[in-house]
Amino acid sequence: MGTRAAARGQVLIVDDEPDIRELLELTLGRMNLETRAAENLGEAHHLLEQFPFDLCLTDMKLPDGNGIDLVRHIQSRYPQVPVAVITAHGNMETAITALKAGAFDFVSKPLDINDLRNIVRSALRVGHNPAPAAVAAPGAGARQLLGESAAIEKVRTLIEKLARGQAPVYIHGESGTGKELAARLIHSLGPRADKPFVPVNCGAIPEQLMESEFFGHKKGSFTGAVQDKDGLFKAADGGTLFLDEVGDLPIPMQVKLLRAIQEKTVRPVGSQSEIRVDVRILSATHRDLHGLVRDGKFRQDLYYRLNVIELAIPSLRTRPEDIPILAEHLNAKLTAEMTGTPPKLSAGALEVLSRYDFPGNVRELENILERALTMCDGGEIQAADLQLRDSTTDSENTSAPTELGGSESLEEYLARVEESAIRDALQRTNQNKTAAARLLGITFRALRYKLEKLGIE
């Protein structure tokens, strides 16, 4: 049965093929793990009632059911036990269904022993150490997402659940809501916490350099390649790769990214060989990715591969009760290194902030407070120091013109609307061009081109 006296963990193997069971028992036995095997769901249920397992490996096709049924049973009755499923080669639809049902990860037939070992090690880290030592109480680890609203509490609870698995997570929300913070929390609360977290802004990489940036390159593979370079996938090996603004990827790069995610290998530019990588993929965008798929601007197969589990980050205006909490926290952060008594937020300033709709969300709140600290005199930040205009006045002064001028052509009118929208976005984001581009739903490169064209400094 592959047992050893000094076993560090116990694994349940569920497969009706004797050869597969024997291969798994032999491999896990060499990893100093104890194994127990079942040929069907009935036997698996019986063993689960008798023994405290640290991991379950199950085939998808079983005589009396399928692996999805077992995943759901274990999720319901033994949620502390991670489950990895064994799927037919190339059957990504089945693998994604298993991940959505709560499976920790999957491995394809024919079994790759290195893949199997990596999955087992990661799963056992989850079982043996469900949360970092610093996270003593439920919800404590995700408290970096500040607030007391029901909406943010729901996000914190989901983040802690997602942190235990390996499934790709698609994080969406408006610009400035904290999508990267959510991704960092998923990483830091999970079994990959001691490995790299590598964030990349997909919209900030020139298209001609994307393949090299993601996959690396060999010396001499193109002009300027003066030495070998590891790509972002290799840098994140063992950890998490966070693809921010993934909707900005051009179609050719989407094809190559999909292959890298599915095959778990990358080929550096100029190389003839593949490099195996083990990364968890988290992605985010403020754009409507489903709409991009519908319009043919984003590949549907990549969308479904990234969007195995969805995490929506609420906008700040939908949780106004959290604004004072966030404002106090950000003010303390911004004044931490000040000498003397740092300025505090007055009751009037907090009231004004609570009424503001924050199109730039938490990032805009921080920019507003940073500006207010510069403007305030004395020991308190007053409402006037925030320099927030009344919403009705703001709308009248900054909204785009709705009618053509008397002798104005359509082209001139559209240019005027575009310039108005760009100036408004820059003002709302305190002249932060990257944030303004996100607010407008365009890439940073596109905004830079428009600024030059319009002569806006």
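Thresholds applied
- Residues numbered from 1 in each chain as written.
- Predicted model: local features only at pLDDT ≥ 70, side-chain atom pairs only at ≥ 80, totals over all residues.
- Heavy atoms only, no water.
- Helix = DSSP H or I, 4+ residues; strand = E, 2+ residues; numbered from the N terminus.
- Buried < 20%, exposed > 50% of the residue type's maximum accessible area, 1.4 Å probe, protein only.
- Contact = heavy atoms within 4.5 Å.
- Areas by Shrake-Rupley, 256 points an atom, 1.4 Å probe, with all protein chains shown as cover.
- 1 Å grid on protein atoms, 1.4 Å probe; cavity = no way out; pocket = protein on both sides within 12 Å on 5 of 7 lines; lining within 4 Å.
- Points joined across faces, edges and corners; volume = space filled by probe spheres on them.
- Nonpolar A, V, L, I, M, F, W, Y, C, P; charged D, E, K, R; others polar.
- Arc of directions from axis to C-beta.
- Pairing = 2+ DSSP bridges.
- Axes fitted to C-alpha atoms, helices over the stretch in contact; angles between N-to-C directions.

(A) Broad picture of the overall build of the protein chain. Regarding its fold elements, the protein chain presents 19 helices and 16 strands. In the protein chain, which comprises 457 residues, the share counted as buried stands at 48%. Considering only residue pairs separated by 6 or more positions, the protein chain has 68% of its internal contacts joining residues 24 or more positions apart. Working note: accessible area of the protein chain is about 22,200 Å², and carbon and sulfur atoms make up 49% of it.

(B) Region of the structure containing the layout of surface pockets. In this structure, the largest pocket occupies an estimated 500 Å³ of space. Lining the largest pocket are 23 residues, with Gly-176, Thr-177, Gly-178, Leu-181 and Val-362 positioned closest to its centre. When contributions to the lining of the largest pocket are tallied by element, the ones reaching two or more residues are helix 7 (179-188), strand 10 (240-244), helix 13 (323-334) and helix 15 (361-375). A per-element tally of the lining of the largest pocket places helix 13 first, with four residues. For the lining of the largest pocket, the class distribution of residues is eight nonpolar, six polar and nine charged. Here the second largest pocket defines a volume of roughly 410 Å³. As for the second largest pocket, its lining consists of 22 residues, of which Gln-75, Gly-102, Lys-161, Arg-164 and Gly-165 are closest to the centre. If you list the elements that add at least two residues to the lining of the second largest pocket, you get helix 4 (92-101) and helix 6 (150-163).

(C) Representation of helix 2 (residues 41-50). The set of residues buried in helix 2 consists of Leu-41, Ala-44, Leu-47 and Leu-48. The arc that holds the buried residues of helix 2, viewed along the axis, is 125°, so those residues lie on one side. Of the surrounding elements, those touching the buried residues of helix 2 are strand 1 (10-14), strand 2 (34-38), strand 4 (61-62), strand 5 (65-66) and helix 3 (67-77).

(D) Structural view of the sheet that holds strand 14 (residues 309-312). Sheet architecture is open: five strands sit in the order 9-10-13-8-14, paired in parallel fashion. Bordering the open sheet on either side are strand 9 (197-201) and strand 14, each of which pairs with just one other strand. Ignoring strand direction, the axes of neighbouring strands in this sheet form an average angle of 20°. Where strand 9 and strand 10 come together, five bridges link them in parallel fashion. Directly across from Pro-199, in strand 10, lies its bridge partner Phe-242. Packing of helix 6 onto the sheet brings it into contact with strand 8 (169-172), strand 13 (280-285) and strand 14, and relative to strand 14 it is tilted by some 150°.

Just distances and angles here, no functional claims.
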